[in-house]
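Working through the structure, step by step
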Amino acid sequence: MSDDGGPVRVYLVDDHALFRSGVRAELERGDGRAPVVEVVGEAGSVDEAVAGIGHLTPDVVLLDVHMPGGGGAEILRRARAAGTESVFLALSVSDAAEDVISVIRAGARGYVTKTISGHDLSDAVRRVRAGDAVFSPRLAGFVLDAFSDRPGAAPPVDPEVDQLTRRERDVLRLLARGYAYKEIAGELFISVKTVETHVSSVLRKTQTSNRHELSRWATDRRLV
Amino acid sequence: MNSPNPRTGSPPATVARAPDAATGRQPEPSPEQPSEPAGLRTAPADTATPTGGTASTGTASTGTASTGTASTGTAFTDTASTAAAPPGTGPDGPGPIGAAPTGAAASGTGPSGAAPGPTARSAVPLTRRRTGRLLGGVAGGVADHVGVDVRWVRAAFVVLTFLGWAGVLAYGLLWVFVRQEDDPVERTVTRSERLQAAGLLTLGLGLSLVAATSGSSVLGWIAGPLGLATVGAAVVWREADEAQRRRWARDARTRVVGGRAALLRTLLGASLVLTGLAVFLVGNLDLGQVRFGILAAVATLLGVAVLTVPWWVRLVRDLGEERRARAVEAERVEIAAHLHDSVLQTLALIQRQAGDSREVQRLARGQERELRAWLYGPGGRARGGDGSAAAIDTTLSAAIARAAGEVEDTYAVTVGPVLVGDAELNGDLRALVLAAREAMVNAAKHSGCSEVDVYVEVEPGEDDQPGTAEVFVRDRGRGFDPDAVDGDRHGLADSVHERMRRHGGTVRIRTGAGEGTEVRLSMPLGERETA
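Every chain is numbered on its own, with residues counted from 1 as its sequence reads. For this description, chains carry letters from A and ligands carry numbers from 1, given in the order in which they are written. It should be noted that, the model being predicted, local features are given only for residues of pLDDT at least 70 and side-chain atom pairs only at 80 or more, the latter also being counted only at that level, while totals for whole chains, interfaces and linings use all residues.

**Observations concerning the overall build of chain A**
A count of helices and strands for chain A gives 11 helices and six strands. Each residue is classified by how many other C-beta atoms fall within 10 Å of its C-beta atom, where C-beta atoms are placed from the backbone; a count of 20 or more means buried, 12 or fewer means exposed, and values in between mean partly exposed. For chain A, the residues scored as buried account for 47% of the 224 residues in total. Only runs of H or I of at least four residues qualify as helices and only runs of E of at least two qualify as strands under DSSP, and these elements are numbered from the N terminus.

**Regarding the overall build of chain B**
Along chain B, the regular secondary structure elements total 17 helices and five strands. Within chain B, the proportion of its 531 residues that are buried is 40%. A pair of residues counts as a contact when their C-beta atoms, built from backbone coordinates, are within 7 Å of each other. In chain B, the share of contacts with a sequence separation of at least 24, taken over all contacts with a separation of at least 6, comes to 75%.

**Quick look at helix H6 (residues 138-146) of chain B**
Residue and element names in this part refer to chain B. Of all nine residues in H6, eight are buried; the element is thus mostly enclosed. Within H6, burial applies to Val138, Ala139, Gly140, Gly141, Val142, Ala143, Asp144 and His145. Contacts made by the buried residues of H6 are with helix H7 (150-162) and helix H8 (166-177). Immediately beyond the C-terminal end of H6, within one or two residues, lies Gly147, with a positive phi of roughly 90 degrees.

**Remarks on the sheet that holds strand E5 (residues 516-524) of chain B**
An order of E1-E2-E3-E5-E4 (chain B) is seen for the five strands of this open sheet, with the pairing classed as mixed. Looking at the sheet topology across the chains shown, the edges are occupied by strand E1 (414-420) and strand E4 (506-512) of chain B. The average undirected angle you get between the axes of adjacent strands in this sheet is 10 degrees. Strand pairing requires that DSSP identify at least two bridges connecting the strands. As judged from the eight bridges shared by strand E3 (residues 468-475) of chain B and E5(B), these two strands associate in the antiparallel manner. The residue of E5(B) that forms the bridge with B:Val471 is B:Leu521. Sheet contacts for helix H6 (residues 137-147) of chain A: E1 and strand E2 (451-459) of chain B; angle to E1(B), the most-contacted strand, approximately 15 degrees. Helix axes use the C-alpha atoms of the stretch in contact, all axes being lines fitted to C-alpha atoms, and the angles between their N-to-C directions lie in the range 0 to 180 degrees. Running at roughly 5 degrees to E3(B), helix H16 (residues 427-446) of chain B makes contact with E1, E2, E3 and E5 of chain B of the sheet.

**Some thoughts on the confidence of the model for chain B**
Residue and element names in this part refer to chain B. When pLDDT is averaged along chain B, the result is 66; 50% of the residues meet or exceed 70. Under a pLDDT of 50 for its full length, residues 527-531 has, in the predicted model, 14 contacts with residues more than four places off or in other chains. Interface confidence for the predicted complex, given as ipTM, is 0.78, next to a pTM of 0.51. Note on scores: pLDDT gives the predictor's confidence for each residue, bounded by 0 and 100.

**Notes on the nonpolar core**
Proteins that are soluble and globular tend to have nonpolar side chains buried together. Structurally, a nonpolar core is described as a collection of buried Ala, Val, Leu, Ile, Met, Phe, Trp, Tyr and Cys residues joined by way of C-beta atoms within 7 Å. A:Leu89, B:Ile400, B:Ala436, B:Met440 and B:Val454 are the most contacted members of the largest nonpolar core, which totals 108 residues. In terms of residue count, H16(B) provides more of this core than any other element does, 11 residues in total. Not counting residues within four places of it along the chain, the set of residues in contact with A:Leu89 comprises A:Val60, A:Leu62, A:Leu63, A:Ala108, A:Arg109, A:Gly110, A:Val112, A:Ala124, A:Val125, A:Val128 and A:Val134. Core analysis: the second largest hydrophobic core is formed by 23 residues, B:Val148, B:Leu160, B:Phe162 and B:Ala170 among them.

**Notes on the packing of helix H2 (residues 46-56) of chain A against helix H3 (residues 71-81) of chain A**
Residue and element names in this part refer to chain A. For the pair H2 and H3, interaxial distance at closest approach is 10 Å and the crossing angle is 35 degrees. The handedness of the crossing between H2 and H3 comes out as right-handed. Of the residues in H3, those touching H2 at Val46, Ala49, Val50 and Ile53 are Glu74, Ile75, Arg78 and Ala79. Take the far helix as your reference; a near helix turned counterclockwise from it by less than a right angle gives a left-handed crossing, and one turned clockwise gives a right-handed crossing.

**So, unusual backbone geometry**
Even without being a glycine, A:Phe189 presents a positive backbone phi close to 55 degrees. With respect to the secondary-structure elements, A:Phe189 resides in the loop between helix H9 (181-188) and helix H10 (192-208). Backbone geometry places B:Ala412, a non-glycine residue, at a positive phi of 55 degrees.

**Side note on the sheet that holds strand E6 (residues 134-135) of chain A**
All names here are of chain A. Taken in spatial order, the six strands make up an open sheet running E2-E1-E3-E4-E5-E6, and their pairing is parallel. On the outer flanks of this sheet lie strand E2 (37-43) and E6, each paired with one strand and no other. Where strand E5 (residues 110-113) meets E6, two bridges bridge the pair, whose relative direction is parallel. Bridged to Tyr111 within E6 is Phe135. Running over the sheet, helix H5 (residues 118-129) touches strand E1 (8-13), E2, strand E3 (60-63), strand E4 (87-92), E5 and E6 and is turned about 155 degrees from E4.

**Topic: H2(A)**
In an α-helix there are 3.6 residues to a turn, and that puts residues three or four apart on one side. Residues and elements named next belong to chain A. Of the positions making up H2, those classed as buried are Val46, Ala49, Val50, Gly52 and Ile53. Down the axis, H2 shows its buried residues gathered within 165 degrees of arc, on one side only. Looking at the buried positions of H2, the neighbouring elements they touch are E1, E2, E3 and H3. Remark: Thr57 follows H2 within two positions and exhibits a positive phi of approximately 40 degrees. By definition, the arc is the one covered by directions from the helix axis to the C-beta atoms.

**Section: the packing of H6(A) against helix H8 (residues 166-176) of chain A**
All names here are of chain A. Viewed as axis vectors pointing N to C, H6 and H8 meet at an angle of 140 degrees, and their least axial separation amounts to 7 Å. Taken together, the axes of H6 and H8 are oblique relative to one another. Taken as a pair, H6 and H8 cross one another with a handedness that is left-handed. Contacts from Pro137, Ala140, Gly141, Val143 and Leu144 of H6 reach H8 at Leu172, Arg173, Leu175 and Ala176. The nonpolar class holds Ala, Val, Leu, Ile, Met, Phe, Trp, Tyr, Cys and Pro. Asp, Glu, Lys and Arg form the charged class, and all remaining residues, Gly among them, are polar. Here the contact of H6 with H8 is composed, by residue class, of seven nonpolar, one polar and one charged. The scheme is simple: roughly parallel for angles under 35 degrees, roughly antiparallel for over 145, roughly perpendicular for 65 to 115, oblique for anything else.

**With respect to the environment of A:Pro7**
Residue and element names in this part refer to chain A. Along the chain, Pro7 turns up in the segment before E1. C-alpha of Pro7 to C-alpha of Ala34: the two residues are 27 residues apart in sequence and 7.8 Å apart in space. Leaving out residues up to four positions away in the same chain, Pro7 has contacts with Pro35, Val36, Val37 and Glu38.

**Here's the deal with the pairing of E3(B)**
Residue and element names in this part refer to chain B. Extensive coverage of E3 is indicated by the burial of seven of its eight residues. In the sheet, E2 pairs with E3 via eight bridges, with the strands oriented antiparallel. In the strand pairing of E3, Val458 is matched with Ala469.

Set out below in structure tokens:
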């Protein structure tokens, strides 16, 4: 799914040094597939991260959601304000819906939890680098829930961004059930490229929707 | 009890302020100008005659006044300046330095003069003077606290004494209940002041006796309660004084003592008011002015309410603060206890079983789930709850999450339930949960992989159609051939198929050798359980 043959340059942001070194080791061990994922730097604080991203211009930033001094959403805002070209993938231990949604809405291209395997993480890094969105099953569930039309819910303001199409919903459901893109494509009789398009479209809607349930839902939602 | 009060620098302050207040002129401390008119104005009424004899000493004392006699008996100094002014005629007459401040001070004690002291009044807490006192140091202390010349305070006590002995009572009570200042401040009392004060005291006592014997005590019946109430109010309001508050907050140890003292003072204030009421009623019952009495009663009760306000305010605030502090402490203890019982124990277990990766994973996963529930679950700590989840699952999502946790614990696999929508549990959904649990167990036992995906979605029904609850249990293990399942494996047949069928649900299984397995359970919702 990569564009050029060069390695994917990754920048790690997490306030736990132990965790950073673990992720670095896993990514650099490699999974025998191309392109190679290469960690070009790490940061343990918001300021350090913003400076490092500006200086090193990595392809992908792996971002912790919870950090002292504002967390992942703050880094996203500041780095994007500085005009960074890097794409962001949130990597967090938190499964709390408001964390997930807030970092997605701040501009992250995906969200995976820290329990993800090294193989899947490398895969996710390559995918966001190629411009796709990465939805863990849990994130897919969150988005489905947030966009669901429950009885009594306020009507969407703008159907273009406030509602999921039937196809997008189908794709999300399969994602939530743990299907890989290829499996989804097979299940729905569409190409992998189309699956990617749908997921990216869902990501865009999640980021731009004015649907007020989205934020309300995120804070109300109680998930373990 | 006299003048140069080094603590507040009161004499200069009085001097500077006095002309301003009394004459409405420039507060220019020029020697002549303020002194004369002020003196003249003060002259007539107050105290002219009786002390005429002492005028000479008064005049004499003007000399010392420059060094600060500012605080001798009011009447005397007034008289003195009065005496000084006419004979001296010319403003420039009496000594250049000496006369000036005295005149100013005297004008300060003029009719309406000294009352509004805009300078550092609140800075001085009410204490009795230790030095420079004639009796108990009460008048001086009150003067320092209020920021007026001490002579006015003394005069006030005399006047109150004249009105039904209230002055004596007030002085006595203040003497008893107001503490002395901590550090003695150097003050000197001249002989003349002593004489003045003694004369003033005698005057007050004498007048009171006269008033009492002549029977014109009606004035006293009115002013007496009023005086009592005023003193009571002063005593209690003093409690709200800023310096006191700070002392209170700072020293938690003396809080108990302070609280008792405050209570005493408040009770005193209230009882003063009540006494005033009683006195007033007794005095007026003879006259039969019952209505007036009732009015007085209401007024006095209001006084009591006002008296206790600062006390209540402070009581409530202290109570709130203490409760908050205790809550924080309890929270801290509870969190520490929880972390100890859960995380620390698990870490110890993990260290012991470090060789057994399956067991380690099981322990870690179970602990993670428990901590997540404690933090983010319904009623979890991060949600402002106390971390205690409901003991009995009442919703489908909670029941599924619990089942997933049990399977994780038992089979050392990772089960990640994703839940969309929710519904109240009923008999059908309970069956659905049990079937889903069995499917998870099967996946954990037979698939050979360590991860099981569980997806639960509740579709609320449309207008005429009932909704459905669907559960997908998926693994990426070795898969199997459903037709070739051994006869002794009842799980799939009995626990899943049969159970779902009984409750009107459906089961679909998709599997194949090497492709993993997905079990799809679907259960229609009744009318009442959509979320």
